[in-house]
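Listed below are the residues making up each chain.
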Amino acid sequence: MKIKANVPQIRGKIRQYVYDNIKEYALVTILFIIGIFVGVIVVNNLDDVKTQEINAYITDFITRFKTIEKLDKVSLIGTSIKNNIILTIIIWIAGTTVIGVPIVLTVILFRGVCLGYTISSITYSNLSPAGNFIFSFNVKVSLFFINISNISRLSSKSKYKRLDDELLYDDV
């Protein structure tokens, strides 16, 4: 028995799902963007001593990162995936209850603050101006779309709706 995906039908179901939950996607996106702005504002309002500490930390991190001869990329990505899976499970469990919805929205706002703080701090570090722009743009755009798509899907109210209500695969 071979399973063949009916791609246009799946796309239609996904499009309908996004259309039905556009308010939730908009709310999550706005909260995430507000969090990014709050993180940037926090870094902009730091005094000179804190700014110098951030610069020293980032410069020290980059120099240590460059001097590592054999970086264990597998364990690094494994730790990152494990941390993100744990956060995803917490968001998913909290999102299944009415009481947990504010927790999910707070986590989304906090992730935005963390992203805004991190990118703004790196931008203020002693990197070259061209490097700052390229790095900031790439990280902001890629992380924004990754975070929004994942968090929006997890925090959607109607996550109990199934995309496969109808036959999505043909038996061949």
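Since we're looking at a predicted model, the values are computed, not measured.

About the cut-offs
Residues numbered from 1 in each chain as written. Predicted model: local features only at pLDDT ≥ 70, side-chain atom pairs only at ≥ 80, totals over all residues. Heavy atoms only, no water. Helix = DSSP H or I, 4+ residues; strand = E, 2+ residues; numbered from the N terminus. Contact = heavy atoms within 4.5 Å. Areas by Shrake-Rupley, 256 points an atom, 1.4 Å probe, with all protein chains shown as cover. 1 Å grid on protein atoms, 1.4 Å probe; cavity = no way out; pocket = protein on both sides within 12 Å on 5 of 7 lines; lining within 4 Å. Points joined across faces, edges and corners; volume = space filled by probe spheres on them. Nonpolar A, V, L, I, M, F, W, Y, C, P; charged D, E, K, R; others polar. Axes fitted to C-alpha atoms, helices over the stretch in contact; angles between N-to-C directions. Parallel < 35°, antiparallel > 145°, perpendicular 65-115°, else oblique. Left-handed = near helix turned anticlockwise from the far one by under 90°. Expected span 1.5 Å × (residues − 1). Buried < 20%, exposed > 50% of the residue type's maximum accessible area, 1.4 Å probe, protein only. pLDDT = per-residue confidence, 0-100.

Colleague: Explain the overall build of the chain here, please?
Modeller: The helix and strand tally for the chain stands at six helices and two strands. Reading the secondary structure of the chain in the N-to-C direction produces β-α-α-α-α-α-α-β. For the chain, contacts bridging at least 24 residues in sequence account for 83% of all contacts bridging at least 6. Taken as a whole, the chain presents about 12,400 Å² of accessible surface, with 68% of it coming from carbon and sulfur.

Colleague: Is there a simple way to think about empty space enclosed by the protein in this case?
Modeller: Where empty space is left becomes clear once a probe the size of a water molecule has been rolled over the atoms. Applying the stated criterion across every chain, the model contains one cavity of 30 Å³ or more. Roughly 30 Å³ of internal volume is contained in the largest cavity. Lining the largest cavity are Val43, Leu46, Thr51, Ile54, Asn55 and Tyr124. Of all the elements, helix α3 (residues 48-67) adds the most residues to the lining of the largest cavity, at three residues. Of the residues that constitute the lining of the largest cavity, the class distribution is four nonpolar, two polar and no charged.

Colleague: What exactly am I supposed to notice about the packing of helix α2 (residues 22-44) against helix α5 (residues 101-124) here?
Modeller: When two helices pack together, you describe them by how their axes are tilted relative to each other and by the distance separating the axes. α5 packs onto α2 with a crossing angle of 40° between their chain directions and a minimal axis gap of 6 Å. In terms of their interaxial angle, α2 and α5 are classed as oblique. Crossing of α2 over α5 shows right-handed handedness. Taken together, the residues of the contact of α2 with α5 break down into 17 nonpolar, seven polar and one charged.

Colleague: I'm lost on helix α4 (residues 73-95) in this one. Help?
Modeller: Helical periodicity: at 3.6 residues per turn, an α-helix aligns residues three or four positions apart in one direction. For α4, spanning 23 residues, the distance from its first C-alpha to its last is 32 Å, which sits close to the expected 33 Å at 1.5 Å a residue. Ile91, Ala94 and Gly95 are the residues of α4 that are buried.

Colleague: Which parts of the structure should I look at to understand the packing of α3 against α5?
Modeller: At a minimum axis separation of 9 Å, α3 and α5 run at an interaxial angle of 85°. Classed by the angle they form, the pair α3 and α5 counts as roughly perpendicular. Facing Ile54, Asn55 and Ile58 of α3, the residues of α5 in contact are Tyr117, Ser121, Ile122 and Tyr124. Residues belonging to the contact of α3 with α5 are distributed by class as follows: five nonpolar, two polar and no charged.

Colleague: Whenever I open this one, the confidence of the model for the chain confuses me. Can you help?
Modeller: Mean pLDDT over the chain works out to 76, with 70% of the residues at or above the 70 mark. Ranking the elements of the chain by mean pLDDT puts strand β2 (residues 169-171) last with 42 and α2 first with 89. Predicted confidence is poor over residues 157-172, with pLDDT under 50, and the contacts of this stretch with residues over four places away or in other chains come to 37 contacts.

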